[in-house]
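# Structure assessment
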Amino acid sequence: MGRVIVALDQGTTSSRAIAFDLKGRMVSGACEDATPSYPRPGWVEQNPEMLLESQLEALRGCLKRGNIDPGDVLAIGIANQRETTLLWDRQGRPLMNGVVWQCRRSAPICEKLREEGREAMIRERAGLIIDPYFSGTKIRWMLDALPDGQKRAERGEILFGTVDSWLIYHLTGRHATDVTNASRTMLFNIHTLDWDDELLAMLDIPKVMLPEVLPSSCPVGMMRPEFLGRAIPITGVAGDQHAALFGQCCFEAGSAKNTYGTGCFLLMNTGKEPVASQNNLITTVAWDLGGGAQYALEGSVFVAGAVVQWLRDEMGLIRTSADSEALAQSVQDTGGVYMVPAFTGLGAPHWDMYGRGTMVGITRGTTRAHIVRAALEAIAYQSADVLAACEKDSGIHLTGLKVDGGASANNFLMQFQADILNVPIERPKVWETTARGAAFLAGLAAGVYGGLDELRSLYETERIFEPAMAAADREHGLALWGRAVERAKGWAKEV
Ligand SMILES: Nc1ncnc2c1ncn2[C@@H]1O[C@H](COP(=O)(O)OP(=O)(O)O)[C@@H](O)[C@H]1O
Ligand SMILES: O=P(O)(O)OC[C@H](O)CO
């Protein structure tokens, strides 16, 4: 095996390590479960030690499976689930379970921020909407829950980080994050690219607990030799959705990708200036290669592939996630069933933290296949809502959308997505674009790649799904979907 770049992709449900050769081809990979726990309705947690251990296990597995000598690993790049909030002490010991991005526990803190009229200020500085999704209110909740939490944090005894920081801290000893991850905290000013004193004061979060903010492609530190027997440079870090945008080579303003993983994240590159959303999207830092930030508009949908998992694990309607494809194709339509999988509220563009899942239109004739099809269609409808907002905000009409993530393997879903958007869907040969993006970021800083043109030349399309639905059917479907969404809103306040 020749020389490689290894990407660590720490996601919501799995930790993956993937080795790429210098042409960006996957040469080895390993995956370990990173299962979250759900201690109360709407709460989602992860054990920080488990995140680290599963990631290291995946790394070792990837090298072993590919027969890769650690000496041939030129650089490591990290991509991670974003917003998930961890607190640890200066010995690196976690102080409690990590609060996962999907967790709703800080909803009351968000409500208070809304009552205080902070919306416009947060949107202007952080580019974000007030929602428990982002790290800031999670940190507040955690400091309140820990004995003497606030005082200890003020004394510098407690460190905060998203999953990238947690990994970097343990792998290198440095307390650092990158601009993309920082831009998801609600504490970071996306214009100055620095922590924002007013946002910190708003939540009473001591600056001393925050990591140093780095570009997404730069020398981060050396992974200590104790892990693989020799020191290896870490030279790329980005939130997973930003890494996927990069891995999809969406380098120009107006290019966009949608990742179908646990959730669905549609990001559109908007260039060197942040675009303020008028349609309930968020403005985020796409990446910084060291010469300033590139920005993106993002629509985040909380539940996408996770609804398929739920049909499999809780409802027992399918045996594997992949089975959903044939079952959905076994019926002509959903028989009038619409499912809104708002299990953890609704993200963009609705932002209803009290929304909950619903299904409408069930009859005695509704079958398992109808329900599975309705779930897959819901993933596409949610993405359509987000894309419509993206087009309105940017004034750009998309001529194509690149896709990736576990559920993008589903051909029924991809065809339905093309139909409902009326836009061709392009699926790349390398589906692990998140990992590929992290490897590209690391490879640029390590001097493996000469620049963006070289990365572009490595991109290969696997399949294009052309839209084939009549306009009237599309409009009918979207209208009924909109009505179903209205029914899901606010439900947690009723029960
Ligand atoms: N063929 C498929 N059809 C539909 N959903 C799928 C398929 N394969 C995987 N999934 C879903 O995709 C998700 C896993 O995608 P992945 O990109 O690995 O997610 P994450 O990075 O969020 O952990 C799971 O929720 C799974 O249910
Ligand atoms: O773990 P994923 O791939 O579903 O991504 C999670 C997102 O980064 C959350 O914002």
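No experiment lies behind these values; they were computed from the predicted model shown.

Moving on: the pairing of strand β8 (residues 158–161). Across the two faces of β8 the burial is the same, with Ile158 and Phe160 and Leu159 and Gly161 all buried. As judged from the 4 bridges shared by strand β6 (residues 86–89) and β8, these two strands associate in the antiparallel manner. Across the sheet, Leu87 pairs through a bridge with Phe160, a residue of β8.

If you walk through the whole model with that rule in mind, you get 2 cavities of 30 Å³ or more. Roughly 90 Å³ of internal volume is contained in the largest cavity. Along the walls of the largest cavity sit 16 residues, with Val301, Leu346, Gly347, Ala348 and Gln382 positioned nearest its centre. Residues of the lining of the largest cavity, tallied by class, amount to 10 nonpolar, 5 polar and 1 charged. Its volume calculated, the second largest cavity comes out at about 40 Å³. Looking at the second largest cavity, the residues that line it are Leu8, Leu52, Gln55, Leu56, Leu59, Leu167 and Leu171. For the lining of the second largest cavity, the secondary-structure elements that each account for two or more residues are α1 (48–65) and α6 (163–172).

Time to look at unusual backbone geometry. Phi is mostly negative for residues that are not glycine, and the peptide bonds are mostly trans. Between Ala348 and the following residue, Pro349, the backbone shows a cis peptide bond with an omega angle of -10°. Within the secondary structure layout, Pro349 lies in the loop between β19 (338–340) and β20 (358–360). Although it is not a glycine, Cys249 adopts a positive phi angle of roughly 60°. Residues other than glycine seldom take positive phi values, yet Asn280 does so here, at roughly 65°. Topologically, Asn280 is positioned in the loop between β16 (264–271) and β17 (282–288). A residue is classified by how much of its surface remains accessible, and Asn280, at 34% relative accessible area, is partly exposed.

Let's shift gears to the sheet that holds strand β22 (residues 425–428). Taken together, the 7 strands give an open sheet; going across it, the order is β17-β18-β16-β15-β21-β22-β23, and neighbouring strands pair in mixed fashion. The open sheet has two free edges, formed respectively by β17 and β23 (461–465), since each of these has just one partner strand. Averaged over all pairs of adjacent strands, the angle between their axes in this sheet comes to 30°, without regard to strand direction. Of the pairings in the sheet, the one linking β22 to β23 comprises 4 bridges and is antiparallel in character. Considered in β23, the bridge of Arg427 is made with Arg463. Its contacts with the sheet put helix α10 (residues 240–247) on β15 (256–260), β16, β17, β18 (293–301) and β21 (401–404), and the angle it makes with β17 is roughly 60°.

Relative to the assigned elements, Arg487 resides in helix α17 (residues 471–488). Between the C-alpha atom of Arg487 and that of Gly355, which follows or precedes it by 132 residues, the distance is 8.8 Å. In contact with Arg487, not counting residues within four places along its chain, are Thr358 and Val360.

It is worth spelling out the packing of aromatic side chains at this point. In this structure the tally under the stated criterion is 21 aromatic pairs. With centroids separated by 5.5 Å and ring planes inclined at 85°, the aromatic side chains of Trp43 and Trp141 adopt a geometry described as edge-to-face. Linking Trp43 in the loop between β3 (26–33) and β4 (45–46) with Trp141 in helix α4 (residues 135–145), this pair joins segments that are 98 residues apart in sequence. By relative accessible area, Trp43 is classed as buried at 16%. An aromatic cluster of at least three residues, connected via ring pairs, comprises Trp101, Tyr133, Phe134, Phe265, Phe302 and Trp351. Looking at Arg40, its charged tip hangs above the ring of Trp43, at a distance of 4.1 Å from the centre.

The next thing to look at is the UniProt feature "binding site: ADP" (unreviewed entry) in the protein. The UniProt record annotates "binding site: ADP" (unreviewed entry) at Thr12, Arg16, Thr262, Gly305, Gly406 and Asn410. From the list above, the largest pocket is lined by Thr12, Arg16, Thr262, Gly305, Gly406 and Asn410. Given the relative accessible area of 15%, Thr262 is considered buried. With respect to the secondary-structure elements, Gly406 resides in the loop between β21 and α14 (411–421).

All right, on to the UniProt feature "binding site: sn-glycerol 3-phosphate" (unreviewed entry) in the protein then. According to UniProt, the positions carrying the feature "binding site: sn-glycerol 3-phosphate" (unreviewed entry) are Thr12, Arg82, Glu83, Tyr133 and Asp240. Lining the largest pocket, from the residues named above, are Thr12, Arg82, Glu83, Tyr133 and Asp240. Its place among the elements puts Thr12 in the loop between β1 (4–10) and β2 (14–20). Look past the residues within four positions of Thr12 in its chain and what remains in contact with it is Ala34, Pro36, Gln46, Gln81, Val100, Trp101, Gln102 and Thr262.

In this section: the side chain of Gln241. Here Gln241 lies in helix α10. On the basis of relative accessibility, which here comes to 5%, the residue Gln241 falls in the buried class. What Gln241 contacts, discounting residues up to four positions off in sequence, is Arg82, Lys257, Thr259, Phe265 and Leu267.

Think of a ball as big as a water molecule: rolled over the atoms, this probe shows where empty space is left. Size it by volume and the largest pocket reaches roughly 900 Å³. Along the wall of the largest pocket there are 39 residues; nearest its centre are Arg16, Tyr260, Gly261, Thr262 and Gly406. The class makeup of the residues in the lining of the largest pocket is 11 nonpolar, 19 polar and 9 charged. Tyr38, Ala306, Trp310, Glu314 and Phe343 are the residues nearest the centre of the second largest pocket, which is lined by 23 residues in total. Of the residues that constitute the lining of the second largest pocket, the class distribution is 10 nonpolar, 9 polar and 4 charged.

Parameters and conventions
- Residues numbered from 1 in each chain as written.
- Chains lettered and ligands numbered in written order.
- Predicted model: local features only at pLDDT ≥ 70, side-chain atom pairs only at ≥ 80, totals over all residues.
- Heavy atoms only, no water.
- Buried < 20%, exposed > 50% of the residue type's maximum accessible area, 1.4 Å probe, protein only.
- Helix = DSSP H or I, 4+ residues; strand = E, 2+ residues; numbered from the N terminus.
- Pairing = 2+ DSSP bridges.
- 1 Å grid on protein atoms, 1.4 Å probe; cavity = no way out; pocket = protein on both sides within 12 Å on 5 of 7 lines; lining within 4 Å.
- Points joined across faces, edges and corners; volume = space filled by probe spheres on them.
- Nonpolar A, V, L, I, M, F, W, Y, C, P; charged D, E, K, R; others polar.
- Axes fitted to C-alpha atoms, helices over the stretch in contact; angles between N-to-C directions.
- Contact = heavy atoms within 4.5 Å.
- Phe/Tyr/Trp six-rings, centres within 6.5 Å; stacked < 30°, edge-to-face > 60°.
- Lys NZ or Arg CZ within 6 Å of the ring centre and 35° of its normal.
- UniProt positions renumbered as here; feature names shortened; annotations may be inferred.

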